[in-house]
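# Remarks on the overall topology
Chain by chain, the residues:
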Amino acid sequence: MMSQWKTDSGDNKFDGQYKSCYVIGKGGSFPFNKPTLVISRFGERSPNIYLTNIGYTGCSRNTVRVVFNDDESVLICDNPAPDLNKDSLFIRYFDNTSTVDFIEMLMNKKSVYIRVVNSCGKSDYEFSLKGSSKAISFALGDYLSD
């Protein structure tokens, strides 16, 4: 997988300044076969972690399962929230790990595999974590050191 992490920053009149990073993975089915894992932060708020370009996210019973390349344990998020347009899915917290620990794993592992399961079906995605540490540090600033 050759995907590279990218960064972005800016501001808008409603939310203020933001910084974000993202990577395009593989998986899903046409036309939603460019899944994107995004981490963003507005000002000093807690980060947002979400999947986008995965198709309709308004189905019921959404669950996100995560496995890293060198780990057998499965991280489970039973409460991901679709955005207002129902085209992104926010990973709010995991049942069995903290958000900070999850972010640190994203920064230190080689790849992450994500399965989204809901009443409409299931889809599997894979994301490279090469370059993630620098990009995530850019997006989150001092969040991890607080």
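Scroll up a little and you will see the structure.
These numbers were taken from a predicted model, which means no experiment stands behind them.

### So, the pattern of salt bridges
Opposite charge on two side chains permits pairing when their charged atoms draw close. For the structure on display, the rule yields 5 salt bridges. The shortest N-O distance in the salt bridge between D142 and R41 comes to 3.3 Å. Of this pair, D142 sits in the segment after α2 (132-140) while R41 is found in strand β4 (residues 36-42), placing the two residues 101 residues apart along the sequence. With relative accessibility at 5%, the residue R41 sits in the buried group.

### A closer look at the pairing of strand β11 (residues 121-128)
Across a regular strand the side chains alternate sides, sitting on one face of the sheet and then on the other. The pairing of strand β3 (residues 26-27) with β11 spans 2 bridges and is antiparallel. Across the sheet, residue G27 finds its bridge partner in β11, namely Y125.

### A closer look at the side chain of S132
Positionally, S132 belongs in helix α2. With a relative accessible area of 0%, S132 lands in the buried category. Within the structure, S132 has its side chain in polar contact with the backbone oxygen of L106 (distance 2.6 Å). A polar side-chain atom of S132 sits 2.7 Å from the main-chain carbonyl oxygen of L129. Discounting residues that sit within four places of it in the chain, S132 has contacts with W5, L106 and M107.

### A look at the sheet that holds β11
The sheet built from 5 strands is open, its strands ordered β3-β11-β10-β6-β7 with antiparallel pairing. The sheet terminates laterally at β3 and β7 (75-77), the two strands that pair on one side only. Direction of pairing for strand β10 (residues 111-118) relative to β11: antiparallel, over a ladder of 8 bridges. Within the sheet, the bridge partner assigned to V116 lies in β11 and is S123. Along the sheet, helix α1 (residues 99-108) contacts β6 (63-68), β7 and β10; its crossing angle with β6, the most-contacted strand, is approximately 45°.

Conventions and cut-offs
- Residues numbered from 1 in each chain as written.
- Predicted model: local features only at pLDDT ≥ 70, side-chain atom pairs only at ≥ 80, totals over all residues.
- Heavy atoms only, no water.
- Salt bridge = Lys/Arg side-chain N within 4 Å of Asp/Glu carboxyl O.
- Helix = DSSP H or I, 4+ residues; strand = E, 2+ residues; numbered from the N terminus.
- Buried < 20%, exposed > 50% of the residue type's maximum accessible area, 1.4 Å probe, protein only.
- Pairing = 2+ DSSP bridges.
- Polar contact = N/O pair within 3.5 Å; in protein donor to acceptor, adjacent residues only side chain to side chain.
- Contact = heavy atoms within 4.5 Å.
- Axes fitted to C-alpha atoms, helices over the stretch in contact; angles between N-to-C directions.

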